[in-house]
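A look at the structure
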Amino acid sequence: METSGLHADLSLNTAVVRSFLVRFLADEVRNAGYTRGVVGLSGGVDSAVTAFLAAEALGPENVTALMMPYRASSRESLSDARLVVEALGVRAATVDITPMVDPYLESQHVEDRVRAGNVMARERMIVLYDVSARERALVLGTSNKTELLLGYGTLFGDMASAVNPLGDLYKTQVWQLAADIGVPPGIVQKKPSADLWSGQTDEGELGFTYAEADRLLFAMIDGRHTDTELSAMGFDEGFIRKVRQAVQKSQFKRRPPVVAKISHRTVNVDFRYARDWGL
């Protein structure tokens, strides 16, 4: 893929990527000693793509899709999630998180919408991991590369998973893959939203579009261009600063907790050789 600034080519060979990600999921789930996967199905494009890939990799009978609405969630999100379930024939369940979230928000007097959204995201992950334990399944991730780089997600919430097939695909690339693998067009085309409150959209919160972010991130991260070079390519200097700061400040979300090194072999510092232990 070309990395020439505003003209960066983010197009995918979707057939190759699809084949690779299906094999990736099948291998990683099996290598961990499992045969099943659990996906939190929000009605958005990312979770839909993960569900489609998982059904192909593991078989629909081995995939459980969980829909976890809150009382303020839009009805469209739930109906779109059900479209995916019907299209794939995966196992599905709906768990209303309202009775779990509201008592905490009320007892702690949480009025800030971001705090409340983080509580909802982490409650959904509690449900996902509980069901994964019941089903002996792995939680499959739905965070794309744009979200991970910008830190646009909740640590130990929607960013949590055992295996993530989408983490190296920018949002605009997820849309390409979604269209190719048969995700319902209405899901692909609707405005991205975490559905945390009425009228909330990803791009409205971020202050720029995913297309704009992806072009810059591709040149900045994949192309390794400096800010001076990015500016010369035509990117706005304020936009460059905003995005680079977002990437830098969210680094802690993309790595395991930092462990103080005392011994010769420290977890996640020196001791990272999973395959040497038969995994």
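Scroll up to find the structure.
Residues numbered from 1 in each chain as written. Predicted model: local features only at pLDDT ≥ 70, side-chain atom pairs only at ≥ 80, totals over all residues. Heavy atoms only, no water.

So, about the sheet that holds strand β1 (residues 36-40). The strand order across the open sheet built from four strands is β3-β2-β1-β4, with neighbouring strands paired in parallel fashion. On the outer flanks of this sheet lie β3 (91-94) and β4 (137-139), each paired with one strand and no other. When the angles between neighbouring strand axes are averaged without regard to direction, this sheet yields 25°. As paired strands, strand β2 (residues 63-67) and β3 are joined by four bridges and run parallel to one another. Looking at the pairing, leucine 66 lines up with alanine 93 of β3. (Pairing = 2+ DSSP bridges. Helix = DSSP H or I, 4+ residues; strand = E, 2+ residues; numbered from the N terminus. Axes fitted to C-alpha atoms, helices over the stretch in contact; angles between N-to-C directions.)

Inside soluble globular proteins, nonpolar side chains tend to come together where they are buried. In this structure, Val49, Leu140 and Val183 are the most contacted members of the largest nonpolar core, which totals 39 residues. Put simply, the parts of the chain that give this core at least two residues each are α1 (14-31), α2 (45-58), β2, α3 (75-88), α7 (171-181) and α8 (185-189). Looking at this core element by element, the count peaks at 10 residues for α2. Sequence-distant contacts of leucine 140, defined by excluding residues within four places in its chain, comprise Leu25, Val29, Gly37, Val38, Val39, Thr50, Ala54, Leu58, Ser161 and Val163. One finds Tyr170, Tyr210, Leu216 and Val247 within the second-largest nonpolar core, a separate group that totals 20 residues. (Core = buried A, V, L, I, M, F, W, Y, C linked by side-chain atoms within 4.5 Å. Buried < 20%, exposed > 50% of the residue type's maximum accessible area, 1.4 Å probe, protein only. Contact = heavy atoms within 4.5 Å.)

Next up on the list: α1. Three or four residues apart is the spacing at which side chains of an α-helix point the same way, because the helix has 3.6 residues per turn. Spanning 18 residues, α1 covers 25 Å between terminal C-alpha atoms, matching the ideal 26 Å at 1.5 Å per step. Taken as a whole, α1 has its buried residues at Thr14, Val17, Leu21, Val22, Leu25, Ala26 and Val29. Down the axis of α1, the buried set is contained in an arc of 160°. They therefore lie on one face. Of the exposed residues in α1, the ones pointing more than 90 degrees away from its buried face are Ala15, Val16 and Arg30. Considering only its buried residues, α1 is in contact with β1, α2, β4 and α7. Glycine 33 sits one or two positions beyond α1 and adopts a positive phi of about 90°. (Expected span 1.5 Å × (residues − 1). Arc of directions from axis to C-beta.)

Bear in mind that shape data such as this cannot, by itself, settle questions of function.
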